[in-house]
Amino acid sequence: MKQTTRRCAKYRRARLLMSRKDGRGSCEHCAALFDYYLVHNGFNESSYAYCERCGRVALVDWWSMPDEVGEAFRRHAADGMRILQPCPCGGRFTADAGPRCPRCVAPLSPLVAAEWLERNAAGTSRGWGWQRDWTGIYCIVIEDRVVRDNWIGAKRAV
Ligand SMILES: [Zn+2]
Ligand SMILES: [Zn+2]
C-alpha cells in the first residue's frame, strides 16, 4: 500500500515546506504574540511529537517512517521516541510533551488555545472545532519551529 502512493511524496513535501501562517496566537502566561500554523497529519500523512524543552515539533513522514513508530496521523506513542534524534535545542521529543510559548517557554494549554485557534480558522463558521488536546490529528508549528524526518539512522528523504 505504501508503494502505490509513494510517487506523491515529492508533491507532499513541496507543499509541506511552503511557508505558512494560519494566524497569531497568544501565550496565556506572558501574553506574547506569535505566528503559528496547524498541520493536519492525515492530509499530510505524517505523525509528530513535541520537544519537552522548547516545544518544537518533529514531523515524520508516514511513508518513510520506520515501522516500529506505529502511530500514524497523530502524536507518537512512547515507543516511537527512542528512534528520534534530539531537538536542536538539546531537548528530547517525548510522548507527553506539548507546544510552548516561544518567549517564556511555558507550556501552552490546548483549552486556552482553542479561543484563538477557532477565532483564526476559516472553517469555524462552518462547524470546525479545535480538537482541544496536543495529541490528535492536528499539531501546531509555532514561529516555524519544526524539524522533519529526524529519526536516528534514517537517510534524509528527498
Ligand atoms: Zn527543543
Ligand atoms: Zn509566554
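Residues numbered from 1 in each chain as written. Chains lettered and ligands numbered in written order. Predicted model: local features only at pLDDT ≥ 70, side-chain atom pairs only at ≥ 80, totals over all residues.

**Some words on the overall build of the chain**
And then number 1: Tallying secondary structure elements over the chain gives three helices and seven strands in all.
And then number 2: The order of helices and strands in the chain, counted from the N terminus, is α-α-β-β-β-β-β-α-β-β.
And then number 3: For the chain, contacts bridging at least 24 residues in sequence account for 64% of all contacts bridging at least 6. (Helix = DSSP H or I, 4+ residues; strand = E, 2+ residues; numbered from the N terminus. Contact = placed C-beta atoms within 7 Å.)

**Section: the nonpolar core**
And then number 1: Core analysis: the largest hydrophobic core is formed by 19 residues, its most contacted members being Tyr 48, Ala 49, Tyr 50, Val 57, Ala 58, Phe 93 and Val 141.
And then number 2: For this core, the secondary-structure elements that each account for two or more residues are β2 (33-40), β3 (46-51), β4 (57-61) and β6 (138-142).
And then number 3: Core analysis: the next-biggest nonpolar cluster, separate from the first, contains five residues, Cys 27, Cys 101, Ala 113 and Leu 117 among them. (Core = buried A, V, L, I, M, F, W, Y, C linked by C-beta atoms within 7 Å. Buried ≥ 20, exposed ≤ 12 C-beta atoms within 10 Å, placed from the backbone.)

**Quick word on the sheet that holds β3**
And then number 1: Strand order in the open sheet formed by four strands is β5-β3-β4-β7, and the pairing between neighbours is mixed. Edge positions in the sheet fall to β5 (93-94) and β7 (146-148), since each has one partner strand and no second.
And then number 2: Strand direction decides the pairing type here: β3 and β4, joined by five bridges, are antiparallel. Across the sheet, Tyr 50 pairs through a bridge with Val 57, a residue of β4. (Pairing = 2+ DSSP bridges.)

**A short note on the sheet that holds strand β1 (residues 23-26)**
What links the strands of a sheet is backbone hydrogen bonding, and the strands pair in either a parallel or an antiparallel sense.
And then number 1: Taken together, three strands build an open sheet; the order of strands is β1-β2-β6 and the sheet is antiparallel. Every other strand in the sheet has two partners, leaving β1 and β6 as the edge strands with one partner each. For this sheet the average axis-to-axis angle between neighbouring strands, irrespective of direction, equals 50°.
And then number 2: Pairing between β2 and β6: five bridges, direction antiparallel. From the neighbouring strand, Val 39 faces β6, where its bridge partner is Cys 139. (Axes fitted to C-alpha atoms, helices over the stretch in contact; angles between N-to-C directions.)

**Description of unusual backbone geometry**
Most of the time, phi is negative for any residue but glycine, and the peptide bond is trans.
And then number 1: We note that Arg 132 has phi near 65°; this positive angle belongs to a residue other than glycine.
And then number 2: Tracing the backbone shows Arg 132 in the loop between α3 (113-120) and β6.

**Notes on the environment of Trp 134**
And then number 1: Positionally, Trp 134 belongs in the loop between α3 and β6.
And then number 2: Trp 134 sits in the buried class, given 22 other C-beta atoms within 10 Å.
And then number 3: Sequence separation between Trp 134 and Ser 109 is 25 residues, and the spatial gap between their C-alpha atoms is 8.7 Å.
And then number 4: Contacts of Trp 134, omitting those with residues within four sequence positions, involve Tyr 50, Arg 75, Gly 98, Pro 99 and Pro 110.

**Here we look at the pairing of β3**
And then number 1: In terms of burial, β3 is a largely internal element, six of the six residues being buried.
And then number 2: Remark: five residues form the turn of the hairpin made by β3 and β4, two consecutive strands paired antiparallel; Gly 55 in that turn has positive phi of roughly 85°.
And then number 3: Here two bridges tie β3 to β5, and the two strands are oriented antiparallel to one another. Bridge pairing in β5 places Tyr 50 opposite Thr 94.

**Things to note about the confidence of the model for the chain**
Keep in mind that low pLDDT regions are not for reading the predicted coordinates in detail.
And then number 1: Residues at a pLDDT of 70 or more form 78% of the chain, whose mean pLDDT is 84.
And then number 2: By mean pLDDT, the top-scoring element of the chain is β1 (97), and the lowest-scoring one is helix α1 (residues 2-5) (46).
And then number 3: Segment residues 1-5 is flagged for pLDDT under 50; beyond a separation of four residues in sequence, or across chains, it makes two contacts in the model. (pLDDT = per-residue confidence, 0-100.)

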